[in-house]
Amino acid sequence: MFSTPLILSFSILLTLPLFFFFLGSTFNPQPLPPISPSDELDDLRLFHRATAPPSLPSHLSFSSSPKIAFLFLTNTDLHFLPLWNRFFRRAKSPLYNIYVHADPTVNVSRPPPDSVFGDSFVANAKRTFRASATLISATRRLLATAILDDPANDYFAVVSQYCIPLHSFNYIHRSLFTSKNFDLTSKSDPDSSGFSQYGVLKHKSYIEIISTEPRLWKRYTARGRFVMMPEVPFEEFRAGSQFFVLNRKDALLVLKDKTLWRKFKLPCFRADECYPEEHYFPTLLSMQDPNGVTGYTLTRVNWTGTVAGHPHMYTPKEVTPELIYELRESNYSSSYLFARKFSPDCLGSLMRMADSVIFRD
């Protein structure tokens, strides 16, 4: 006859494998599903069209009016649509275009007919997951759509539903295209007009590029120790914000890439260390156009008290004129141009000071 303590000990022993299985699932999340072949094929066709040589010269001349393409990447409603509406309505309409990639599996509300966003939702949107290569694909999809839509799109600003502008549209356009001292890190001739002798814009891309992130090695080996080799040696692996402002040259470079994409689209064994959207773009541009990028972003983020990889989210009680002034301060440029993350209920506070603070330059 077995004693009760013996039966209890034996039962605990049998349940240990189940305990460690569920514990491992908790601390090591399962990898997200890979991009489907059909989605990949759709994207390849789109990127091929966007990068095909134009029938006419596509560079911008002195007589052209360069535009900013605003690329909204979202899987929820555009929380600050009224603020962005006011931002764009104060602008000269020929100087911008808007494109929205909304996850089609989520019921994202479309803007009202009188909104400047109009028909800005792209028809080729696909499902996205955080910390997955689907966000890379969605961004590339937006870039390709904007390039095909208007040859005057010369800067491409990626923002999310939690982003807000920190200045008026006119200030942002002037800073990117005509200011000679906006980029404080630039070593170019202060008397330069910003154009080459053939009239082609030669402004740099604003993208964060970090080589000293503490968890860089773990993220590099998230797919396996040697999987990224030989195309991406660890010494070339970079990190940075997925919210950037690219010039047309670098946007085309991103769309033409196939080599690095084959590596970064691979699933990770360590899902908790896998953030391909924060590595693909800075790594690619650091390797292929190191002199054409600034190495910093124009979107201000507060990483104090980060939770599960998410930055601080501002609440209504924090939204004051002093916060806007503080968020603008930059060591690299005359000012940050955008900021995130703001909770949706900040809209009222932001709208009340939109004209008197945010859009007052």
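Refer to the structure printed above.
Quick summary incoming for the structure in this document. This one's a predicted model, so the numbers in the text were calculated from it and none came from an experiment. (Residues numbered from 1 in each chain as written. Predicted model: local features only at pLDDT ≥ 70, side-chain atom pairs only at ≥ 80, totals over all residues. Heavy atoms only, no water.)

As a further point, take the overall build of the protein chain. Within the protein chain, the secondary structure is distributed over twelve helices and nine strands. Of all intrachain contacts in the protein chain linking residues separated by at least 6 positions in sequence, the fraction that spans at least 24 positions is 82%. When the accessible surface of the protein chain is summed, it comes to about 18400 Å², and 58% of that surface belongs to carbon and sulfur atoms. (Helix = DSSP H or I, 4+ residues; strand = E, 2+ residues; numbered from the N terminus. Contact = heavy atoms within 4.5 Å. Areas by Shrake-Rupley, 256 points an atom, 1.4 Å probe, with all protein chains shown as cover.)

On a regular strand, each side chain points to the face opposite its neighbour's, so the side chains alternate between the two faces of the sheet. Summarising burial for strand β1 (residues 67-74): eight of the eight residues are buried, a large majority. Side chains K67, A69, L71 and L73 of β1 all project onto a buried face; the interleaved residues I68, F70, F72 and T74 project onto the opposite face, where all are buried too. In terms of strand pairing, β1 meets strand β3 (residues 153-160) through seven bridges, oriented parallel. Of the residues in β3, the one forming a bridge with L71 is V158. (Buried < 20%, exposed > 50% of the residue type's maximum accessible area, 1.4 Å probe, protein only. Pairing = 2+ DSSP bridges.)

Pairing is mixed across the open sheet formed by three strands, whose spatial order is β4-β9-β8. This sheet does not close on itself; its edge strands, each paired only once, are β4 (164-165) and β8 (299-301).

Look at helix α7 (residues 248-256) against helix α9 (residues 280-288): their axes get within 11 Å of each other, and the N-to-C directions meet at 110 degrees. One element, α7, and the other, α9, form an angle in the roughly perpendicular class. Across the interface between the two elements, D250, L253 and V254 of α7 pack against Y280, F281, L284, L285 and Q288 of α9. Grouping the amino acids of the contact of α7 with α9 by side-chain chemistry returns six nonpolar, one polar and one charged. (Axes fitted to C-alpha atoms, helices over the stretch in contact; angles between N-to-C directions. Parallel < 35°, antiparallel > 145°, perpendicular 65-115°, else oblique. Nonpolar A, V, L, I, M, F, W, Y, C, P; charged D, E, K, R; others polar.)

Attention shifts here to the packing of helix α2 (residues 37-51) against α7. Interaxial distance between α2 and α7 falls to 9 Å at its minimum, and their mutual angle equals 140 degrees. When the axes of α2 and α7 are compared, the pair comes out oblique. The element α2 and its partner α7 pack so that their crossing is left-handed. Within the contact between the two elements, α2 uses F47, A50 and T51 and α7 uses L252, L255 and K256. (Left-handed = near helix turned anticlockwise from the far one by under 90°.)

For the coordinates displayed, the defined rule picks out twelve salt bridges. Between D43 and R141 there is a salt bridge whose closest N-O contact spans 2.8 Å. Linking D43 in helix α2 with R141 in helix α4 (residues 133-149), this pair joins segments that are 98 residues apart in sequence. Residues D43 and R141 agree in their burial class; the two are buried. (Salt bridge = Lys/Arg side-chain N within 4 Å of Asp/Glu carboxyl O.)

Ranked by internal contacts, the top residues of the largest apolar core, which has 54 residues, are F70, F72, L83, L176, F342 and L350. Among all residues touching L350, those that are not within four sequence positions of it are F80, L83, I164, V319, F342 and I358. By size, the runner-up hydrophobic cluster in this structure holds 43 residues, among which are V122, V158, L216 and L260. (Core = buried A, V, L, I, M, F, W, Y, C linked by side-chain atoms within 4.5 Å.)

In this structure, the largest pocket spans a volume of roughly 1200 Å³. Lining the largest pocket are 41 residues, with S241, E278, W303, P311 and R340 positioned closest to its centre. Listing elements by their share of the lining of the largest pocket, those giving two or more residues are β1 and β8. Tallying contributions element by element places β8 first for the lining of the largest pocket, with three residues. Tallied by class, the residues present in the lining of the largest pocket amount to 15 nonpolar, 16 polar and ten charged. (1 Å grid on protein atoms, 1.4 Å probe; cavity = no way out; pocket = protein on both sides within 12 Å on 5 of 7 lines; lining within 4 Å. Points joined across faces, edges and corners; volume = space filled by probe spheres on them.)

Within α9, seven of the nine residues are buried, leaving the element largely enclosed by the surrounding structure. The set of residues buried in α9 consists of Y280, F281, P282, T283, L284, L285 and S286.

This next bit is on the environment of S343. Turning to its location among the elements, S343 is positioned in the loop between β9 (338-340) and α11 (347-352). Counting along the chain gives 27 residues from S343 to P316, while the straight-line C-alpha distance between them is 7.7 Å. When sequence neighbours within four positions are dropped, the list of residues in contact with S343 reads F80, M313, Y314, T315 and P316.

Right, let's talk about the state of the cysteines for a bit. Where two cysteines share a covalent bond between their sulfur atoms, that bond is called a disulfide. A complete count under the given rule lists one disulfide for this structure. The residue that forms a disulfide with C268 is C274, at a sulfur-sulfur distance of 2.0 Å. Residues C268 and C274 are joined through a disulfide that is right-handed, its torsion about the S-S bond being 50 degrees. (Disulfide = S-S within 2.5 Å.)

The omega torsion across M229 and P230 is -5 degrees, close enough to zero to call that bond cis. Put simply, R340 and K341 share a cis peptide bond, and its omega is 0 degrees. As for its position among the elements, K341 is in the loop between β9 and α11.

For the coordinates displayed, the defined rule picks out 31 aromatic pairs. Ring geometry for F87 versus F359: centroids 6.0 Å apart, planes at 45 degrees, classification tilted. With F87 in helix α3 (residues 81-89) and F359 in the segment after α12 (354-358), the pair connects residues that are 272 residues apart, well separated along the chain. Like F87, the residue F359 is buried in the burial classification. Note on Y155 and F177: the rings are 5.3 Å apart at their centroids and 55 degrees apart in plane angle, and the pair reads as tilted. Placement of Y155 in strand β3 and of F177 in helix α5 (residues 169-177) is noted, with a sequence separation of 22 residues between them. (Phe/Tyr/Trp six-rings, centres within 6.5 Å; stacked < 30°, edge-to-face > 60°.)

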